[in-house]
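# Descriptive structure summary
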Amino acid sequence: MKQHIAHITLLVRDYDEAIDFYTKKLDFNLIEDTKIDEKKRWVLVAPPGAKECCLLLAKAANGEQLNSIGNQSAGRVFLFLYTDDFWRDYNKMVSRNVHFVRPPKEEAYGRVAVFEDLYGNLWDLLEPGEKNKNAGTWDPG
């Protein structure tokens, strides 16, 4: 049996501002933007090179969802953006005014810095260390 996570829902205030942030600040690809009805769209974005999982940008539809924007993981790092060149991506993001809340540092698992998206969700920008190079492509055998 083979399974994989296809999409992760990320609550947003506005489709277009979210698309703008992810495609222009983080260089994500807009995979799909399909109008479902007058208020709802099916919007998928993914980092360059992503093969299976992408973000489903979902516009908050009620007060409870609005209150969760920017805090979908209760203040913890929510998403992990793996890179093959930490300094290239870090410097590009800094030049595009992406806000880093924790500076770069070396950890046992690799080089990492924490940034926030346009709504305040926390992300790790992470280049795995040599012994963890396959951490983003886990294969249980």
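Located above this text is the structure these notes cover.
Residues numbered from 1 in each chain as written. Predicted model: local features only at pLDDT ≥ 70, side-chain atom pairs only at ≥ 80, totals over all residues. Heavy atoms only, no water.

Moving on, we get to the sheet that holds strand E5 (residues 77–82). What the four strands build is an open sheet, ordered E5-E8-E7-E6; its pairing is mixed. Edge strands, defined here as strands with exactly one partner in the open sheet, are E5 and strand E6 (100–107). Across the sheet, the axes of successive neighbouring strands diverge by a mean angle of 20°, strand direction being ignored. Of the pairings in the sheet, the one linking E5 to strand E8 (residues 122–128) comprises five bridges and is parallel in character. Bridging from a neighbouring strand, leucine 81 pairs with leucine 125 of E8. (Pairing = 2+ DSSP bridges. Helix = DSSP H or I, 4+ residues; strand = E, 2+ residues; numbered from the N terminus. Axes fitted to C-alpha atoms, helices over the stretch in contact; angles between N-to-C directions.)

Within E8, seven of the seven residues are buried, which leaves the element mostly enclosed by the surrounding structure. Neither face of E8 is open: one carries Leu122, Asp124, Leu126 and Pro128, the other Trp123, Leu125 and Glu127, and all of them are buried. Two strands pair when backbone bridges link them, and strand E7 (residues 110–116) and E8 are joined in this way by seven bridges, in the antiparallel orientation. Within E8, the residue paired with glycine 110 across the bridge is proline 128. In textbook terms, the turn of a hairpin is the stretch between consecutive antiparallel strands, and for E7 and E8 this stretch comprises five residues, one of which, glycine 120, has a positive phi near 105°. (Buried < 20%, exposed > 50% of the residue type's maximum accessible area, 1.4 Å probe, protein only.)

Within helix H1 (residues 15–25), burial applies to Tyr15, Ala18, Ile19, Phe21 and Tyr22. Axial view of H1: buried residues confined to an arc of 160°, hence all on one face. Taken together, the buried residues of H1 touch strand E1 (7–12), strand E2 (29–35), strand E3 (41–46), strand E4 (54–59), E7 and E8. N-capping of H1 is provided by aspartate 14, with a side-chain oxygen placed 3.0 Å from the backbone N of aspartate 16. Looking one or two places after H1, you find aspartate 27, whose phi comes out positive at around 65°. (Arc of directions from axis to C-beta. Contact = heavy atoms within 4.5 Å. Polar contact = N/O pair within 3.5 Å; in protein donor to acceptor, adjacent residues only side chain to side chain.)

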